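# An overview of the molecular structure
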Amino acid sequence: MSDEQSSELNHRERATLRAVASGRAEISCSCEPDLFVDGLSCCDQATTRRLVRRGFIEAAAVGPCGELVLAVLTAAGMVALNEATSSGAVTAA
């Protein structure tokens, strides 16, 4: 099973979802979005894009290409984060 299809979240994915859930993240309006946490560019944009493609995070508003807007968890993202947190699952990043 590929990373894209795996239902388990690795440590980095869980940390990214927690940052988004806490309201500390902005995402660029783009087909290949970039994530910024506490005003700093996220060092692992592949994780960001994987979480967006899996439908776990999205932009809170529509903006012109490249604009930064608040990143939010989707309902699926909340479920995935809650499941990962409650199960205590740990996978390598």
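What comes next concerns the included structure. Quick caveat, the model's predicted, so the values are computed rather than measured.

Cut-offs applied
- Residues take numbers from 1 onward in each chain, read along the sequence in its written order.
- The model is predicted, so local features are restricted to residues of pLDDT at least 70 and side-chain atom pairs to those at 80 or more, both for listing and for counting; the totals for chains, interfaces and linings are taken over all residues.
- Calculation of side-chain values draws on the structure's entire complement of heavy atoms; hydrogens and water are dropped beforehand.
- Burial status follows relative accessibility: with a 1.4 Å probe on protein chains alone, a residue under 20% of its type maximum counts as buried, one over 50% as exposed, and anything between as partly exposed.
- Strands here mean DSSP runs of E at least two residues long; helices mean DSSP runs of H or I at least four residues long; both are numbered from the N terminus.
- Should any heavy atoms of two residues lie within 4.5 Å, those residues are considered in contact.
- Counted as a polar contact is a pair of N or O atoms within 3.5 Å, where, for protein atoms, one must be capable of donating a hydrogen and the other of accepting one, and residues adjacent in sequence contribute only when both atoms are in side chains.
- Strands are labelled as partners when DSSP assigns at least two bridges between them.
- Convention adopted: a line fitted to C-alpha atoms gives each axis, helices being fitted over their contacting stretch, and angles between N-to-C directions are expressed from 0 to 180 degrees.

### Concerning helix α2 (residues 45-53)
Residues three or four positions apart in an α-helix share a direction because the helix packs 3.6 residues into each turn. Along α2, the positions that sit buried rather than exposed are Q45, T47, T48, R50 and L51. Those residues of α2 that are buried lie in contact with α1 (11-21), β1 (25-28), β2 (35-37), β3 (40-41) and β4 (57-59). Its side-chain oxygen 3.3 Å from the backbone nitrogen of A46, D44 forms the N-cap of α2. Residue G55 follows α2 closely and has a positive phi angle near 80°.

### Considering the environment of T85
Here T85 shows up in helix α3 (residues 75-87). Considered as a pair, T85 and R14 are 71 residues apart in the sequence and their alpha carbons are 8.3 Å apart.

### A look at the sheet that holds strand β5 (residues 68-73)
Here five strands make up an open sheet; going across it, the order is β3-β2-β1-β5-β4 and the pairing antiparallel. Each of the sheet's edge strands pairs with one partner strand only, and the pair in question is β3 and β4. Of the pairings in the sheet, the one linking β2 to β3 comprises two bridges and is antiparallel in character. By the bridge assignment for β3, F36 is matched with S41. Across the sheet, α1 is in contact with β1, β2, β4 and β5; its angle to β5 comes to roughly 110°. Contacting β1, β2, β3 and β4, α2 crosses the sheet at an angle of about 90° to β4.

### Describing α1
Those residues of α1 not exposed but buried are E13, R14, T16, L17, A19 and V20. Where α1 begins, the side chain of N10 points an oxygen toward the backbone nitrogen of R12, at a separation of 3.0 Å. Just past α1, the residue G23 takes up positive phi, approximately 80°.

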